[in-house]
Amino acid sequence: MYHHILVPVDLNEQGFADKATQLAVWHAQQSDAKIHLLTVLPGIHMSMVATYFPRDAASKMKQDIRERLEQFAQKNIHPDVDYQLHVAEGKPYTTILEHAAKLQADLIIMPSHKRSRIDKVMLGSVASKVVEHSPINVLVVKPQG
């Protein structure tokens, strides 16, 4: 039985997180678990990046992302399932693992992007890094087709 299920959501990639969230909803309904949707932003407060934006740009960006994440949740999570939204900054795979630990998650359900072989070699995969370094179970949802 699960108590806290973490679902990383990339709002820029349409359709990838939907299936992972559907599975999370099913698992949450089976075990009365809470779903935690997490969107990770790149380090917008890093000094090199921050100098290019107005002072309030980061807070406006986070608010916009939170609103988009709420819309995603309302569309994809059944009303009887308890959920919480999280918007964080940092390196995606480490931020996902840090949030999993902080939330005492016992399952991570994450989508995997369909990438070519060269992309996997050059960029690596957030999903594969989470699987490799996670102390808890990770369910990776592969794209269809």
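Treat the numbers as computed from the prediction; the structure is a model and nothing was measured. (Residues numbered from 1 in each chain as written. Predicted model: local features only at pLDDT ≥ 70, side-chain atom pairs only at ≥ 80, totals over all residues. Heavy atoms only, no water.)

Novice: How should the pairing of strand β1 (residues 4-8) be read in this particular structure?
Specialist: Each regular strand shows side chains that alternate between the opposite faces of the sheet. Along β1, 4 of the 5 residues are buried, which leaves the element largely enclosed by surrounding structure. Here β1 runs beside strand β2 (residues 34-41); their pairing, made up of 5 bridges, is parallel. Directly across from H4, in β2, lies its bridge partner K34. Of the strand pairs in this sheet, β1 and strand β4 (residues 107-111) are connected by 2 bridges, and their pairing is parallel. (Buried < 20%, exposed > 50% of the residue type's maximum accessible area, 1.4 Å probe, protein only. Helix = DSSP H or I, 4+ residues; strand = E, 2+ residues; numbered from the N terminus. Pairing = 2+ DSSP bridges.)

Novice: Help me understand the nonpolar core, please; the structure alone is not making it clear to me.
Specialist: Nonpolar side chains tend toward joint burial in soluble globular proteins. Within the largest apolar cluster, 24 residues are counted, with the highest numbers of intra-cluster contacts made by I5, V7, V9, I35, L37 and I109. For this core, the elements supplying multiple residues, two or more each, are β1, α1 (16-31), β2, α3 (57-76), β3 (83-89) and β4. Apart from the residues lying within four places of it in its own chain, the contact partners of L37 are V7, V9, T21, L69, F72, A73, I77, Q84, L85 and H86. Counting residues in hydrophobic clusters, the runner-up holds 14 residues, among them L6, M110, A127 and V130. (Core = buried A, V, L, I, M, F, W, Y, C linked by side-chain atoms within 4.5 Å. Contact = heavy atoms within 4.5 Å.)

Novice: What is the right way to look at the pattern of salt bridges in this model?
Specialist: Any two side chains of opposite charge can pair, on the condition that their charged atoms come close. Evaluation of the coordinates by the stated rule reveals 1 salt bridge. K62 is paired through a salt bridge with E89; the nearest N and O atoms lie 3.3 Å apart. Here K62 is found in helix α3, whereas its partner E89 is found in strand β3, with 27 residues between them in sequence. By relative accessible area, which is 29% here, K62 ends up partly exposed. (Salt bridge = Lys/Arg side-chain N within 4 Å of Asp/Glu carboxyl O.)

Novice: How should the pairing of β4 be read in this particular structure?
Specialist: Buried residues dominate β4, accounting for 5 of its 5 residues. Where burial is concerned, the two faces of β4 agree: the one with L107, I109 and P111 and the one with I108 and M110 are both buried.

Novice: Would you mind going over helix α4 (residues 92-103) with me for this structure?
Specialist: Side chains three or four residues apart in an α-helix point the same way, a direct result of the helix having 3.6 residues per turn. The terminal C-alpha atoms of α4 lie 16 Å apart, and with 12 residues this matches the ideal 16 Å at 1.5 Å per residue to within 8%. Those residues of α4 that sit buried are Y93, T95, I96, L97, H99, A100 and L103. Residue Q104 follows α4 closely and has a positive phi angle near 55°. (Expected span 1.5 Å × (residues − 1).)

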